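These are the residues of each chain, in order.
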Amino acid sequence: MTLSQQEISNLFKSLKIEVIPSFEGEVPEEVSIRYPSSKRVRDHYTSRLALIKALKMPEVQSYSDIEILNHHHLVKFPELAVSVTHTNSLAGAVVADRSLIESIGVDLEAVDRDFKPGILKFFLRPEDEIEAPLQLWCIKEAAFKAISPLYKEEKQLVLKDIIVKSDGSFHLDSLDTICGYYKLEKVQGHYLALAIIVRTSL
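Treat the numbers as computed from the prediction; the structure is a model and nothing was measured.

Cut-offs applied
- Residues numbered from 1 in each chain as written.
- Predicted model: local features only at pLDDT ≥ 70, side-chain atom pairs only at ≥ 80, totals over all residues.
- Heavy atoms only, no water.
- Core = buried A, V, L, I, M, F, W, Y, C linked by side-chain atoms within 4.5 Å.
- Buried < 20%, exposed > 50% of the residue type's maximum accessible area, 1.4 Å probe, protein only.
- Helix = DSSP H or I, 4+ residues; strand = E, 2+ residues; numbered from the N terminus.
- Contact = heavy atoms within 4.5 Å.
- Expected span 1.5 Å × (residues − 1).
- Polar contact = N/O pair within 3.5 Å; in protein donor to acceptor, adjacent residues only side chain to side chain.
- Pairing = 2+ DSSP bridges.
- Phe/Tyr/Trp six-rings, centres within 6.5 Å; stacked < 30°, edge-to-face > 60°.
- Salt bridge = Lys/Arg side-chain N within 4 Å of Asp/Glu carboxyl O.
- Arc of directions from axis to C-beta.

**Section: the nonpolar core**
Next up, step 1: Counting 26 residues, the largest nonpolar core has I147, I162, V164, F170, L172 and I197 as its most contacted members.
Next up, step 2: Broken down by secondary-structure element, the contributors of at least two residues to this core are α4 (133-147), β7 (162-164), β8 (169-172) and β10 (190-198).
Next up, step 3: Of the residues forming this core, the biggest block, 9 residues, is contributed by α4.
Next up, step 4: Residue contacts for F170: discarding those within four places in its chain leaves A143, I147, I162, I163, V164, C179, G180, Y181, Y182, A195, I196 and I197.
Next up, step 5: L11, I101, Y181 and V198 belong to the second largest nonpolar core, which has 20 residues in total.

**Notes on the environment of D176**
Next up, step 1: If you trace the backbone, D176 turns up in the loop between β8 and β9 (179-187).
Next up, step 2: For D176, a relative accessible area of 57% puts it in the exposed group.
Next up, step 3: Note: C-alpha distance between D176 and I162 (14 residues apart in sequence) is 9.9 Å.

**Section: helix α3 (residues 38-55)**
Next up, step 1: Here α3 is 18 residues long and its end C-alpha atoms lie 26 Å apart, about the 26 Å a rise of 1.5 Å per residue gives.
Next up, step 2: Taken together, the buried positions of α3 are V41, D43, H44, Y45, T46, S47, R48, A50, L51, I52, A54 and L55.
Next up, step 3: Structurally, α3 contributes buried residues whose contacts are with β1 (16-21), α2 (29-32), β2 (68-69), β3 (73-74), β4 (80-86) and β5 (90-97).
Next up, step 4: The distance from a side-chain oxygen at the start of α3 to the backbone nitrogen of K39 is 3.3 Å, and the residue carrying that oxygen is S37.
Next up, step 5: The positive-phi residue at the C-terminal boundary of α3 is K56, with phi of around 50°.

**Structural notes on the pairing of β4**
Next up, step 1: For β4, the tally of buried residues reaches 6 of 7 residues, placing the bulk of the element in the interior.
Next up, step 2: Sheet analysis places β4 next to β5, joined by 7 bridges and oriented antiparallel. Within the sheet, the bridge partner assigned to L80 lies in β5 and is D97.

**Remarks on the packing of aromatic side chains**
Next up, step 1: Evaluation of the coordinates by the stated rule reveals 3 aromatic pairs.
Next up, step 2: Seen in terms of ring centroids, F23 and Y45 are 5.1 Å apart; in terms of plane orientation they differ by 80°. Their pairing is edge-to-face. Of this pair, F23 sits in the loop between β1 and α2 while Y45 sits in helix α3, placing them 22 residues apart in sequence.
Next up, step 3: Linked through ring pairs, F23, Y45 and Y63 together constitute an aromatic cluster.

**Thoughts on the pattern of salt bridges**
Next up, step 1: Within this structure, the stated rule accounts for 10 salt bridges.
Next up, step 2: Among the ionic pairs, E109 bridges to R113, the shortest N-O distance being 2.7 Å.
Next up, step 3: For E109, a relative accessible area of 9% translates into the label buried.
Next up, step 4: You can call R113 partly exposed: its relative accessible area is 32%.
Next up, step 5: Put simply, E129 and K165 hold a salt bridge, and the shortest N to O gap is 3.4 Å. With E129 in the loop between β6 (101-110) and α4 and K165 in the loop between β7 and β8, this pair connects stretches of sequence that are 36 residues apart.
Next up, step 6: A residue is classified by how much of its surface remains accessible, and E129, at 38% relative accessible area, is partly exposed.
Next up, step 7: Of the residues examined, K165 reaches a relative accessible area of 22% and is grouped as partly exposed.

**Structural notes on helix α1 (residues 5-13)**
Next up, step 1: Every buried residue of α1 is listed here: I8, L11 and F12. With its buried residues spanning 95° around the axis, α1 presents them on a single face.

This is the structure we're talking about:
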């Protein structure tokens, strides 16, 4: 079923989104022991802080209150779909009601990111209708995160499997039953891409 532009707009408006600066304080030990790299620890922790802020739930106040399962939903709140992202300076999170939205993805990319042309062959397709490579990459990263929890094929999913159209939609080249919608905007010197797969698209 194809949704109207108003219906799609309303779905994006229903999302809870939070973008915050990279955390500069002391990371709790329960987080720091997860990764050997201090940068990965900080990125991981900041993205979870963004998720806590996006949730806006009294029962979720700290890192220990959230556990993301399958990069898709929270163990304690399976009725919510979630996604997180980070860059060197920002982290973001998005939360959706799974009664409306089956899966969701988010990506942040600094607008001045050094983007090497040689990487195009790994994600660009002739059918893609977004010409700016960094914007297309950002959209496909978000779409990849939304598709991944629903993808059950033997072939490994890669960014090049995703086709992005200029009308705000995306789909898999080999499995058009998995399709969705995206939104791209600028936030604090970054592109922010949101991708949703709604139940009527499956």
